[in-house]
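Observations on the model geometry
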Amino acid sequence: MQSYSSEIEKQQDTFIAQLQEELEQQKVLMDAIGKIRRPLDLSTTLQTTTTQVRQLLNADRVAVFQFYLEKTWEGEFICEDVAVGWSSVIAEKLYDRNFGEQFALHHFEIETQAIRDIYAAGLSDSHVEILGRFQVRANLVVPIVKNDKAWGLLCIHQCNNTREWKNSEVKFAKSICNNLTLAIEQAEYLQQVELQTVKLAQAAQHQKVISKIVEKIRQSLDIDVIFSTTTQEVRHILQVDRVAIFRFNFDWSGKFVAESFDEHWISLIGAYPVINDTYLQETKGGRYANNQILTVDNIYEAGLNECHIALLEQFQAQAFTTAPILQGDKLWGIIGAYQNSSPRTWQADEVDLLAQVGSQLGVALSHHELLAKAEYQTEQQKALTAVITRIRESLKFNTIFRTTVVEVRQLLQVDRVAIFRFDPENDWEGEIIHEDVGLGFSSAITEKVYDRCFSENFAPLYRQGRVNVIADIYQHDFKECYIKILERFQVRANIVAPLLKEGELWGLLCIHQCSKPREWKNSEIEFVYQIAEQLGVALKQDSYLKKVKAQAVQLAEAKERDKAMERQKLLATTVDKIRQSLDIETIFKATTQAVRELLKVERVAIYRFDSNWRGKFVADSFQDGWQPPSNSQSLMMPTFLDVDNENLPRNEIFVPISQGEKLWGLLVANQTSQPRVWKNEEVDLLAQVGVQLGIAIQQGELLQQTKDQAAQLTNALQEIKQAQDYLIQGEKMASLWELFAGVAHEINNPINFILSNLTHMRKYAQHLLQMVNRYREHSPDKLLNIQGQVEELNLNFITEDLPKMLYSMELGAKRINQIVISLRNFYRTDEAELKTVNIHEGLDNTLLILGHRLKKNERYPGIKVIKLYGKLPLVECYCAQLNLVFMNILANSIDALDQKFISTKQKYPKSDTENPDLPLSICIITQLISDKVTIKITDNGLGMPEFVRQRIFEPLFTTKELGQVTGLGLSISHQIVVEKHKGQIKCSSELGQGTEFLIEIPIKHHS
């Protein structure tokens, strides 16, 4: 009973283990199904499945083997999961037909193959050898079938030992294969969809290229640009080595006219100037003329003849596809796409793209041809318009003929265009008077021509305005004499139009094609007719002009008489101007202009000699557009002899200008545009003007001498007056300095006496007060008799106030002594020579003297002085004079600030405070810059306008009321700084902002 119970428990454990194993298998299967249903890459799905199957079955290798579709039962392992220690079958890349056939035989007779031991399964030796190579000892192989065809195998290998495969494991492997079949079908479907998407994208891209080419054709009028853009775009989209455009010649040979190619290949343009394809030449375009396309995947397998292959090898092509380019119904050329690196299988959409591009290029060529025709007609119209314009503008019909033959020959691209004129005195005899002929053909100018048959055959027709057109002189029934005349001029085809003058046949317009016959277009014939008609207008205009000229000569003679009278009047007016004006430049300007207008010349100039008889032009008058020579140009330059220089006179007249007995210069009249015959009356007029100019120059020089002398006297007087003012000011300052020195000396003695005695007096007073206090302390009863007198004298107050009074007296005496010392230092009458001094002491002494003007009181807010002194060395200078400069500038700054205060008081008269709080300040900044000392004195006063600032240092200039100042302070300051100290003094000011004076002097004085 116990053994039976044990057996049941054992069976239960086995059953539970099988259930757990099947459950794990189901989990793996469901997971595989989930991954298969997700749109994953097939290789990812296979790799995940093999990994999970190997882990679940605890096998050594799980791999997927795929058969080749194009080869029977051959294939390779495409995916595996292998345990550590065993080789990979993927790396081996097994290609063994026997292996595939062996599996096929087994797997289509039975569904699966489960081998416990390969050496005991009766397998073929080759099969065992292959399995042994992969270390397989037992395996389970299940076919993967898709659409009833073997797609591949799921191989489960046990390598380390034999293995008995369970039914559940076989069933699980089959389920995996079924789901792999679904995954394969799904992947192939997605691949087909992606392929279809790529094809659609390529088609869209092809259509985009076609649209882009069409847009380029519409935008650009340059066929070369269209060709270049097209070849580049097509090569890019087709990913080929070369795209080229080939153009046929009239004999069906041709050349490449545009291409786009990879840099590894040679260019076909220029390398082959002419390409002869015998097939295309014999068939006149072959299949391309019928709008057919040629596609070759491999030139060596397409059945091409050897000469065709040799030609393609020269182009480096191994595969190509070509499409025709039709211009209307005519084959113009070919567009080809070439693969040079290898053969290529051309897709239908690629061939269709090239065909569409060829069609669009045909449209572009048609547009280009229409445009060229329109441009040619436009050029014809321009040439005709130019001839008409010249006829209207020019009075010289020879110029019109000469220009017309050149333009007509260039436009019609012919070998000769000539104007033939009949001799009115000889019957139908004449000569070519104007022509333009191409290189290689003889000139027909001055060739006498007489045609006996001309009057019989052509004269009546030409009189009627008929045009004679010959495409080939040998294809018409002309008389021998006429053909010989044409052969003399090498004519093969021509157009001849009559030139009529007032109804009479004057000559012929001849258009010659000498090199070959030519079919003349109707537009060309009409153009020649219109040109001839307009030349007839020119002949008529010339005849009319000759009549007008004859009448003009008569009128000119009458006008000349009037001009002579006018010249005399103008001469009298010019002489009157010369006598009225005393300015020689005004006389020259008026005279040259008047003479130029009177003589109708291009330039009238006055030339003055110097001491070596060279000279320069000193005045001239010239008409607009004429370039005068440089003022320094010598009249005697050799270039004046070169009449080919259009900028120099071609015809001129000179008359002398004499100042008394001396030749002063020349009066010159120039005519440069054309030769001129000077008339006697013109020469006489110019000579009379020259005489008057000589008189004017003499008068002008006398006047100038008088003016110069007057100016010199005025300057001398001004200098004397200025020197006098300086002397007076100097004497005043010297007297003032002496006065200050005397006063300072007189004050100094008593002050020194007071200061020396105040010390003793303070001691005496102190002793007396001490004695009084002791007396009051020790003998108070004795004070009773004088108590009333003590109270009356207020002895206590005296005792307290007397030391203070003595101290105040000492302070006052010292202040007076300091002021005296400052005055003496400021003026330094004992230091007139150069001394090395401290600039800051001079500034401080000046401020001390001006201290009463800086202090604040009840009615004045005072001026704040800001001193920003730099570290300066001792400066070598004239101390007293430099102190005077500081005094003048600081006094001016204080005046400016006083004026600002007064202006503000007047602007706000109802201010509550009698003394408004104004920020009045003077800032003094000293600096050492290189070897110079700079002193900036800046105030925030009202400033000054620019015109005042510019004259601030002028002598006697002042903006204050007359009598208040001399106007010499700043002028003397300028002289002291600049002349005495070799420095600089500058003033900058802005109205309403203040003024700044900048003084700059060297540390060492330079004599």
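Residues numbered from 1 in each chain as written. Predicted model: local features only at pLDDT ≥ 70, side-chain atom pairs only at ≥ 80, totals over all residues. Heavy atoms only, no water.

**Overview of the overall build of the protein chain**
Heads up, the rule is: Per the convention used, a helix needs a DSSP run of H or I reaching at least four residues, while a strand needs a run of E reaching at least two, with both numbered from the N terminus. Each residue is assigned to one of three classes by its accessible area relative to the maximum for its type, calculated with a 1.4 Å probe on protein chains only: buried under 20%, partly exposed between the two thresholds, exposed over 50%. Throughout, a contact is declared for two residues whenever any of their heavy atoms are within 4.5 Å. Accessibility throughout is a Shrake-Rupley quantity obtained with a 1.4 Å probe, and a residue counts as covered only by protein chains that appear here.
Looking only at helices and strands, the protein chain features 23 helices and 27 strands. For the protein chain, buried positions account for 41% of its 1007 residues. For the protein chain, the share of sequence-separated contacts (at least 6 apart) that also reach a separation of at least 24 residues comes to 63%. Of the roughly 58400 Å² that the protein chain leaves accessible, carbon and sulfur atoms contribute 51%.

**Brief notes about the sheet that holds strand E6 (residues 242-248)**
Heads up, the rule is: Should DSSP find at least two bridges between two strands, the strands are regarded as paired. Under this scheme, a helix contributes an axis fitted over its contacting stretch, all axes are lines through C-alpha atoms, and angles between N-to-C directions fall in the 0 to 180 degree range.
The sheet built from 5 strands is open, its strands ordered E7-E6-E10-E9-E8 with antiparallel pairing. Bordering the open sheet on either side are strand E7 (254-261) and strand E8 (294-296), each of which pairs with just one other strand. Geometrically, the sheet is characterised by an average inter-axis angle of 20° between neighbouring strands, direction not taken into account. Running at roughly 55° to E7, helix H6 (residues 223-238) makes contact with E6, E7 and strand E10 (330-339) of the sheet.

**Overview of the sheet that holds strand E5 (residues 149-158)**
Reading across from one edge, E2-E1-E5-E4-E3 is the order of the 5 strands in this open sheet, with antiparallel pairing throughout. One side of each edge strand has no neighbouring strand; the edge strands of this open sheet are strand E2 (75-82) and strand E3 (113-115). Within the sheet, the average angular offset between the axes of one strand and its neighbour, ignoring direction, is 15°. Taken together, the 7 bridges between strand E1 (residues 61-67) and E2 define a ladder with antiparallel strand orientation. Looking at E2, one finds that Phe 67 is bridged to Gly 75.

**So, a nonpolar patch on the surface**
Note the following rule: Each patch is built from salt-bridge-free residues with over 30% relative accessible area, joining like charges within 9 Å and nonpolar side chains (Val, Leu, Ile, Met, Phe, Trp, Tyr) within 5 Å. Throughout this description, the term salt bridge denotes a Lys or Arg side-chain nitrogen within 4 Å of a carboxyl oxygen of Asp or Glu.
A grouping of Tyr 189, Leu 190 and Val 193 is seen on the molecular surface, where their side chains present a nonpolar patch of about 270 Å² in accessible area. By the element assignment, Tyr 189 lies in helix H5 (residues 167-219). You can call Tyr 189 exposed: its relative accessible area is 54%.

**Things to note about H6**
To keep things clear, this is the line we draw: The span one expects for a helix is its residue count, reduced by one, times 1.5 Å.
With 16 residues, H6 extends 22 Å from end C-alpha to end C-alpha; this agrees with the ideal 22 Å at 1.5 Å per step. Phi turns positive, to about 55°, at Gln 239, one or two residues after H6.

**Topic: the UniProt feature "domain: Phytochrome chromophore attachment site" (unreviewed entry) in the protein chain**
Note the threshold: UniProt positions are given in the numbering used here, feature names are shortened, and annotations may be inferred rather than shown by experiment.
Cross-referencing UniProt, the feature "domain: Phytochrome chromophore attachment site" (unreviewed entry) maps to residues 41-179, 222-360, 396-534, 583-638 and 653-692 in the present numbering. Between the C-alpha atoms that bound residues 653-692 there is a distance of 17 Å. The span itself is 32% helix and 42% strand.

**Some thoughts on the confidence of the model for the protein chain**
Operational definition: pLDDT is defined as a per-residue confidence score from the predictor, taking values between 0 and 100.
For the protein chain, the average pLDDT comes to 78, and 76% of its residues sit at 70 or higher. Here residues 105-110 is modelled with pLDDT under 50, and outside its nearest four sequence neighbours on either side it reaches 9 contacts, counting other chains as well. The low-confidence segment residues 630-649, where pLDDT is below 50, has 29 contacts with residues more than four positions distant or belonging to other chains.

**Brief notes about the pattern of salt bridges**
Counted under the stated rule, the structure contains 19 salt bridges. Each of the salt bridges in this network shares a partner with another, and the network as a whole consists of Arg 853, Asp 895 and Asp 898.

**Details of the nonpolar core**
Where we set the bar: In this text, buried Ala, Val, Leu, Ile, Met, Phe, Trp, Tyr and Cys residues form a nonpolar core when linked through side-chain atoms within 4.5 Å.
Within the largest apolar cluster, 42 residues are counted, with the highest numbers of intra-cluster contacts made by Ile 839, Ile 863, Ile 889, Ile 922, Ile 935 and Ile 999. Broken down by secondary-structure element, the contributors of at least two residues to this core are helix H19 (839-849), strand E23 (875-877), helix H21 (879-907), strand E24 (921-929), strand E25 (932-939), helix H23 (969-980), strand E26 (984-990) and strand E27 (994-1002). In terms of residue count, the dominant contributor to this core is H21 (11 residues). Once residues lying within four places of it in the same chain are set aside, the contact partners of Ile 935 are Ile 839, Leu 843, Ile 924, Ile 925, Thr 926, Phe 997, Leu 998 and Ile 999.

**Considerations on the pairing of E7**
When E6 meets E7, the two strands line up antiparallel, connected through 7 bridges. Its bridge partner lying in E7, Ile 245 is registered against Ala 258. Between E6 and E7, which follow one another and run antiparallel, lie 5 residues, and Trp 252 among them has a positive phi close to 70°.

**With respect to the environment of His 157**
Within the secondary structure, His 157 is located in strand E5. Judged by relative accessible area, which is 2%, His 157 ranks as buried. Spatially, the C-alpha atoms of His 157 and Arg 54 are 9.1 Å apart, while their sequence positions differ by 103 residues. Residues contacting His 157, with those up to four places away along its chain left out, are Ala 59, Asp 60, Arg 61, Val 136, Ala 138 and Asn 139.

**Some details on unusual backbone geometry**
Phi is positive for Asn 58, close to 55°, though the residue is something other than glycine. You can see Asn 58 is positioned in the loop between helix H2 (42-57) and E1. Residue classification places Asn 58 among the exposed positions, given a relative accessible area of 62%.

**With respect to the environment of Gln 47**
Along the chain, the position of Gln 47 falls in helix H2. A sequence separation of 17 residues divides Gln 47 from Val 64, and the C-alpha atoms of the two residues are 9.0 Å apart. Non-local contacts of Gln 47, meaning those with residues more than four positions away in its chain, are made with Cys 79, Glu 80 and Asp 81.

**A short note on the side chain of Gln 513**
Formally: Polar contact is the term for a pair of N or O atoms within 3.5 Å; when the atoms are in protein, one must be able to donate a hydrogen and the other to accept it, and sequence-neighboring residues count only if both atoms are side-chain atoms.
With respect to the element layout, Gln 513 can be found in strand E16 (residues 504-513). Of the polar contacts made by the side chain of Gln 513, one reaches the side chain of Asp 415; its length is 3.4 Å. The residues contacting Gln 513, other than those within four sequence positions of it, are Gln 413, Val 414, Asp 415, Val 491, Arg 492, Ala 493, Arg 518 and Trp 520.

**Concerning the pairing of E25**
With 8 bridges joining them, E24 and E25 adopt antiparallel strand pairing. Paired with Ile 925 across the bridge in E25 is Lys 936. Between E24 and E25, which pair antiparallel one after the other, the connecting turn spans 2 residues, and Ser 930 there sits at a positive phi close to 60°. In this structure, E25 lies alongside E27, joined through 8 bridges in antiparallel fashion. What sits directly across from Ile 935, in E27, is Ile 999.

**Observations concerning the packing of aromatic side chains**
For the record, the criterion: Only the six-membered ring of Trp is used, alongside the rings of Phe and Tyr, when aromatic pairs are assigned; centres must lie within 6.5 Å, and planes under 30 degrees apart are stacked while those over 60 apart are edge-to-face, with the rest tilted. Put simply, a charge is over a ring when the Lys NZ or the Arg CZ is close to the ring centre, within 6 Å, and near the line of the ring normal, within 35 degrees.
Applying the stated criterion across every chain, the model contains 17 aromatic pairs. Aromatic pair Tyr 860 and Phe 901: ring centres 5.3 Å apart, planes at 80°, arrangement edge-to-face. Residue Tyr 860 is found in the loop between helix H20 (851-854) and strand E22 (864-868), and its partner Phe 901 is found in helix H21; the two are separated by 41 residues along the sequence. We classify Phe 901 as buried; its relative accessible area is 8%. Members of the aromatic cluster, each reached through a chain of ring pairs, are Phe 246, Phe 248, Trp 252, Phe 256 and Phe 315. Just above the ring of Phe 617 sits the side chain of Arg 603; from NZ or CZ to the centre is 4.3 Å. Positioned above the aromatic ring of Tyr 878, the side-chain terminus of Lys 980 is 4.6 Å from the ring centre.

**What to know about the packing of H19 against H21**
Helices that pack against each other are described as a pair by the angle of their axes relative to one another and the distance between those axes. Note the cut-off: Angle categories: roughly parallel below 35 degrees, roughly antiparallel above 145, roughly perpendicular from 65 to 115, and oblique for all the rest. Note on convention: the crossing is left-handed when the near helix lies turned anticlockwise from the far helix by less than a right angle, right-handed when the turn is clockwise.
Put simply, H19 and H21 touch, their axes get as near as 9 Å, and they point 45° apart. One way to sum up the angle between H19 and H21 is to call them oblique. In this structure, H19 meets H21 at a crossing whose hand is right-handed. Contacts between H19 and H21 involve Ile 839, Gly 842, Leu 843, Thr 846, Leu 847 and Ile 849 on the former and, on the latter, Leu 882, Asn 883, Phe 886, Met 887 and Leu 890.

**Looking at the side chain of Asp 436**
Relative to the assigned elements, Asp 436 resides in strand E12 (residues 429-437). Apart from the residues lying within four places of it in its own chain, the contact partners of Asp 436 are Val 405, Val 406, Arg 409, Asp 415, Arg 416 and Val 417.

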